[in-house]
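# Survey of secondary and tertiary structure
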2 protein chains.
Amino acid sequence: MGTGKEIMAELPSKFEVLKLGNQLCFPLYACAKEVIKIYRKPLQQIGLTYTQYIVIMVLWEYGEISEKDLGEKIYLDSGTLTPVIKKLEKSGFVKRQRLAEDERFVKINLTDDGIKLKEKAKTIPQALEGNIYLSYDEMKTLYGLLNKALEGINEGRIQ
Amino acid sequence: MGTGKEIMAELPSKFEVLKLGNQLCFPLYACAKEVIKIYRKPLQQIGLTYTQYIVIMVLWEYGEISEKDLGEKIYLDSGTLTPVIKKLEKSGFVKRQRLAEDERFVKINLTDDGIKLKEKAKTIPQALEGNIYLSYDEMKTLYGLLNKALEGINEGRIQ
DNA sequence: CATAATTAAATTGTGCACAATTTATTCTAA
DNA sequence: TTAGAATAAATTGTGCACAATTTAATTATG
């Protein structure tokens, strides 16, 4: 890259990184939107939106969880989560209950219907098949880089 | 990867790809959100939202463009774009005008203020600095993979 | 103990994002 | 040439996403 000036053994200049960084944001944004769009129809057939799906996936994996812990796992605050979870409750997939030990917390559980949904959702990931033309290795690399980026962002927030 | 069974020289099984594909969607979604969140404050200081920013960036690059062509470039339909562009018009950064040759089209132009904004926006990409811990090469790889994925999704849509 | 600080959810208000429909204009084919 | 198809924007309605504020409960401190 760059000018070929390697005398000072510098890292690529900040300017270059920032030029690329500027361009990174848009494909991230666009790609996320388009991939979620692919999931939309199959999810609709089992009665979920994408956001509801990731909430339910966390519950499938962890079982009972507080709204706070759930929010930290999926990067959503109560302003988004509270209404989403209430909708899932209306749909009959989850129960909400204040913790007796600390009434500030709401714990969320799957109902029987919510548990049963997992079987129906098994084919959801197939939606990507034939829509994303990346090899297995490319997907693995992409997955790894996205998670590395996320970790970095998280560290910044914790500080 | 996988079982080590290479007798039939198969590609990694669909099952494996789908397992990973299932996991790919969430980091994409989360990473896009978090990166956009990093841009939010600096953009706010020059009076733009992220969506308005990508619209303006297209105008900086291409100059006059129709709403339709703009929408294709940034993957947004008129339902999203029309109100966003009208807000940019209210803010004084763009002008909207029906094409005389074909009144169905709206062409969008930058105002002087919209052109001036480019100078102020120069430092926006620096927002990522110190927030994404990826090397230059990693960013390049990520950028390439995201664009490759986007192309694939696009092909599917054109068909 | 009582008040202040902290914390988890909920609420409020703004701004997308998108499917579905409508409106207005242009094109096309009988 | 004119009715129907096609097209670009606009509109409508739903559902996030998030900053900022509020409410209610718990913890910490003088």
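Report on the accompanying structure.

Cut-off values and rules
- Residues numbered from 1 in each chain as written.
- Chains lettered and ligands numbered in written order.
- Predicted model: local features only at pLDDT ≥ 70, side-chain atom pairs only at ≥ 80, totals over all residues.
- Heavy atoms only, no water.
- Helix = DSSP H or I, 4+ residues; strand = E, 2+ residues; numbered from the N terminus.
- Buried < 20%, exposed > 50% of the residue type's maximum accessible area, 1.4 Å probe, protein only.
- Contact = heavy atoms within 4.5 Å.
- Areas by Shrake-Rupley, 256 points an atom, 1.4 Å probe, with all protein chains shown as cover.
- Buried area = accessible area lost by both parts, 1.4 Å probe.
- Salt bridge = Lys/Arg side-chain N within 4 Å of Asp/Glu carboxyl O.
- Polar contact = N/O pair within 3.5 Å; in protein donor to acceptor, adjacent residues only side chain to side chain.
- Nonpolar A, V, L, I, M, F, W, Y, C, P; charged D, E, K, R; others polar.
- Least-squares fit on C-alpha atoms with pLDDT ≥ 70 in both.
- Arc of directions from axis to C-beta.
- Pairing = 2+ DSSP bridges.
- Near = heavy atom within 4 Å.
- Disulfide = S-S within 2.5 Å.
- Axes fitted to C-alpha atoms, helices over the stretch in contact; angles between N-to-C directions.

On to the overall build of chain A, then. Looking only at helices and strands, one finds six helices and three strands in chain A. Reading chain A from its N terminus to its C terminus gives the helix and strand order α-α-β-α-α-β-β-α-α. Looking at chain A residue by residue over its 159 residues, the buried ones come to 43%. Long-range contacts, defined here as pairs at least 24 residues apart, represent 50% of the contacts in chain A between residues at least 6 apart. Carbon and sulfur atoms make up 51% of the accessible area of chain A, which amounts to about 9400 Å² in all.

Let us now look at the interface of chain B and chain A. Tallying the contact residues gives 60 residues for chain B and 60 residues for chain A. Buried surface at the junction of chain B and chain A, both sides included, amounts to about 6300 Å², of which 76% is carbon and sulfur. Between chain B and chain A we count two salt bridges in total. Across the pair E138 of chain A and K148 of chain B runs a salt bridge, and its minimum N-O distance is 2.6 Å. Counting across the interface, chain B meets chain A through six residue pairs in polar contact (both at pLDDT 80 or more). Elements that contribute at least two residues to the side of chain B that touches chain A include exactly α1 (14–45), α2 (50–62), α3 (67–74) and α6 (136–158) of chain B. By residue number, the principal contributor to the side of chain B that touches chain A is α1 of chain B, which donates 24 residues. Along the lines of polarity and charge, the residues of the side of chain B that touches chain A split into 39 nonpolar, nine polar and 12 charged.

Rotating chain B by 180° and moving it 0.0 Å along the rotation axis overlays it on chain A with an RMSD of 0.0 Å. Here the copies are linked by what is in effect a two-fold axis. Most of the interface of chain B is mirrored in chain A, where 100% of its interface residues again form contacts.

Residue and element names in this part refer to chain A. Every buried residue of helix α3 (residues 67–74) is listed here: E67, L70, G71 and I74. The arc that holds every buried residue of α3, seen down its axis, measures 100°, which confines them to one face. One or two residues past the end of α3 sits Y75, with phi positive at roughly 60°.

All names here are of chain B. The three strands are arranged β1-β3-β2 in an open sheet whose pairing can be described as antiparallel. Strands at the two margins of the open sheet, each flanked by one partner only, are β1 (65–66) and β2 (94–98). Where β2 lies against strand β3 (residues 106–110), five bridges are found, and the strand directions are antiparallel. Within the sheet, the bridge partner assigned to Q97 lies in β3 and is K107.

The next point concerns the environment of G152 of chain B. Relative to the elements of secondary structure, G152 of chain B occurs in helix α6. Judged by relative accessible area, G152 of chain B falls into the buried class, the value being 3%. Once you skip the residues sitting within four places of it in the chain, G152 of chain B turns out to touch N131 and Y133 of chain A.

What follows covers the protein's contact with DNA strand D. Taken together, 30 residues are adjacent to DNA strand D, and T49 of chain A together with Y29, K68, S78 and T82 of chain B come closest. Put simply, the parts of the chain that give the surface near DNA strand D at least two residues each are α2 (50–62) and α4 (78–90) of chain A together with α1, α3, α4 (78–91) and β2 of chain B. Across the surface near DNA strand D, the residue classes break down as six nonpolar, nine polar and 15 charged.

Here the focus is the state of the cysteines. As enumerated under the stated definition, the model contains zero disulfides over all chains in all. Here C25 of chain B is not disulfide-linked; the sulfur of C31 of chain A is the nearest cysteine sulfur, at 9.3 Å. Its relative accessible area of 2% is what places C25 of chain B among the buried residues.

Turning our eyes to something else, we now look at the protein's contact with DNA strand C. Residues in close proximity to DNA strand C total 30 residues, the closest being Y29, K68, S78 and T82 of chain A together with T49 of chain B. V106 of chain A has a polar backbone atom sitting 3.2 Å from a phosphate oxygen of DNA strand C. T51 of chain B is positioned with one of its side-chain polar atoms (N or O) 3.0 Å from a phosphate oxygen of DNA strand C. Of all the secondary-structure elements, those providing two or more residues to the surface near DNA strand C are α1 (14–45), α3, α4 and β2 (94–98) of chain A together with α2 and α4 of chain B. In terms of residue class, the surface near DNA strand C is built from six nonpolar, nine polar and 15 charged.

All names here are of chain A. One non-glycine residue, Y75, lies in the positive phi region at around 60°. Position of Y75 relative to the elements: it lies in the loop between α3 and α4. Look at Y75 and you get buried, because its relative accessible area is 18%.

All names here are of chain A. The sheet built from three strands is open, its strands ordered β1-β3-β2 with antiparallel pairing. On the outer flanks of this sheet lie β1 (65–66) and β2, each paired with one strand and no other. In the sheet, β1 pairs with strand β3 (residues 106–110) via two bridges, with the strands oriented antiparallel. Bridging from a neighbouring strand, S66 pairs with K107 of β3. Strands β2 and β3 of the sheet are contacted by α4, whose axis makes an angle of about 120° with β2.

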